[in-house]
Amino acid sequence: MTYLEPLYSIKVNCGNCEREFVTSRVRPSLKRAVRRDADFCSYYKEENPDYYVVRVCPFCGFASTENSVSKLA
Ligand SMILES: [Zn+2]
């Protein structure tokens, strides 16, 4: 069985300075919680995807999320 890297890298463009940088994402297939307790506490098989939603540009420090618009108005 091959080990599936839970993280992969994608290139994104900073919404502020427009420079390209690489950021990590959690594979969508791993975003499902593996099980859920009666108290609604979720368990993830690998890294918690919530930790990787925010991206910070290494050049200017501009922070955005996966849900942000790609360019500032
Ligand atoms: Zn930037």
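The structure we're discussing is the one just above.
Owing to the predicted nature of the structure, the values given are computational and were not obtained by experimental measurement.

(A) Region of interest: the overall build of the protein. Helices and strands together make up the secondary structure of the protein, namely 0 helices and 6 strands. Order of helices (α) and strands (β) in the protein, N terminus to C terminus: β-β-β-β-β-β. Within the protein, residue pairs in contact and separated by at least 24 positions form 35% of the contacts whose partners lie at least 6 positions apart. When the accessible surface of the protein is split by element, carbon and sulfur atoms take 50% of a total near 5,600 Å².

(B) Structural view of the coordination of the zinc ion. For the zinc ion, the full set of protein donor atoms is Cys14 (SG), Cys17 (SG), Cys57 (SG) and Cys60 (SG), at a range of 2.3 Å. Geometry at the zinc ion is tetrahedral, judged from the 4 donor atoms that bind it and their angles of 104 to 117 degrees at the metal. Each donor residue of the zinc ion belongs to the same chain, with the gaps between them written as C-x2-C-x39-C-x2-C. The buried category is assigned to Cys57, whose relative accessible area is 2%.

(C) Representation of the pairing of strand β2 (residues 20-26) within the structure. Relative to β2, strand β1 (residues 7-13) is paired through 7 bridges, and the arrangement is antiparallel. The residue of β2 that forms the bridge with Asn13 is Glu20. Linkage of β1 to β2, two consecutive antiparallel strands, is achieved through a turn of 6 residues, within which Glu18 is found at a positive phi near 65 degrees.

(D) Expanded view of unusual backbone geometry. With a phi close to 65 degrees, Glu18 is a non-glycine residue in the positive phi region. Summarising the element assignment, Glu18 is placed in the loop between β1 and β2.

The rules behind the values
- Residues numbered from 1 in each chain as written.
- Predicted model: local features only at pLDDT ≥ 70, side-chain atom pairs only at ≥ 80, totals over all residues.
- Heavy atoms only, no water.
- Helix = DSSP H or I, 4+ residues; strand = E, 2+ residues; numbered from the N terminus.
- Contact = heavy atoms within 4.5 Å.
- Areas by Shrake-Rupley, 256 points an atom, 1.4 Å probe, with all protein chains shown as cover.
- Donors = N, O, S within 2.8 Å, 3.2 Å for Na, K, Ca; no water.
- Tetrahedral: all angles 85-135°; square planar, octahedral: opposite > 155°, others 65-115°.
- Buried < 20%, exposed > 50% of the residue type's maximum accessible area, 1.4 Å probe, protein only.
- Pairing = 2+ DSSP bridges.

On their own, these measurements won't tell you what the molecule is for.
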